[in-house]
Amino acid sequence: KTVCKGEFFGFMINFLFNQYCREYIRADKQDSKISSYVVKKLSWDHIKIAKELGAKNYDFAGVDRSGNPGVYNYKRGFGGKLTQSSQLLFYSTIF
């Protein structure tokens, strides 16, 4: 979970298996001037922890480029590459 100056901003649950970390669920507060930074830090902290635990891939889970470009651009902003698995699109950061 992320707390800044005593204020709750969000939480995230990830799964790590065989050098692969996938974002499972997250909830973010979006009504503050600093929430954008804090939410990005939450993602970045999870990426660093996954790497420390041996992950080679970090999967942000599905993206919808046309239906939700804001989320797509947020995930794309961390680098990595867009990959397709079955009918789902994922944005994965490769370590």
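Residues numbered from 1 in each chain as written. Predicted model: local features only at pLDDT ≥ 70, side-chain atom pairs only at ≥ 80, totals over all residues. Heavy atoms only, no water.

Tell me about the side chain of Ser-43, and name the residues and values.
You can see Ser-43 is positioned in helix H1 (residues 35-52). Within the structure, the side chain of Ser-43 is placed 2.7 Å from the side chain of Tyr-74, a separation counted as a polar contact. With sequence-adjacent residues up to four places away left out, Ser-43 is seen in contact with Met-12, Arg-26, Phe-60, Tyr-74 and Phe-78. (Helix = DSSP H or I, 4+ residues; strand = E, 2+ residues; numbered from the N terminus. Polar contact = N/O pair within 3.5 Å; in protein donor to acceptor, adjacent residues only side chain to side chain. Contact = heavy atoms within 4.5 Å.)

Give a detailed account of the environment of Phe-15, specifying residues and quantitative values.
Residue placement: Phe-15 occurs in strand S2 (residues 7-17). In the structure, Phe-15 is positioned 35 residues away from Ala-50 in sequence and 9.3 Å away in space, judged by C-alpha atoms. Apart from residues lying up to four places away in sequence, Phe-15 is in contact with Tyr-20, Cys-21, Arg-22 and Tyr-24.

Please provide a residue-by-residue account of the nonpolar core, values included.
In this structure, Met-12, Cys-21, Leu-42, Ile-47, Ala-50, Ala-55, Tyr-58, Phe-60 and Phe-78 together form the largest nonpolar core, which totals nine residues. Broken down by secondary-structure element, the contributors of at least two residues to this core are H1 and strand S4 (57-62). Broken down by element, this core gets its largest block of residues, three residues, from H1. The contacts of Ala-50, once residues within four sequence positions are left out, are Cys-21, Ala-55 and Tyr-58. (Core = buried A, V, L, I, M, F, W, Y, C linked by side-chain atoms within 4.5 Å. Buried < 20%, exposed > 50% of the residue type's maximum accessible area, 1.4 Å probe, protein only.)

Run through a nonpolar patch on the surface, naming residues and quoting values.
On the surface, Ile-13, Phe-15, Tyr-24 and Ile-25 cluster together into a nonpolar patch covering about 400 Å² of accessible area. When contributions to the nonpolar patch are tallied by element, the ones reaching two or more residues are S2 and strand S3 (20-28). Relative to the helices and strands, Ile-13 is located in strand S2. (Patch = residues over 30% accessible without salt bridge, like charges linked within 9 Å, V, L, I, M, F, W, Y side chains within 5 Å. Areas by Shrake-Rupley, 256 points an atom, 1.4 Å probe, with all protein chains shown as cover. Salt bridge = Lys/Arg side-chain N within 4 Å of Asp/Glu carboxyl O.)

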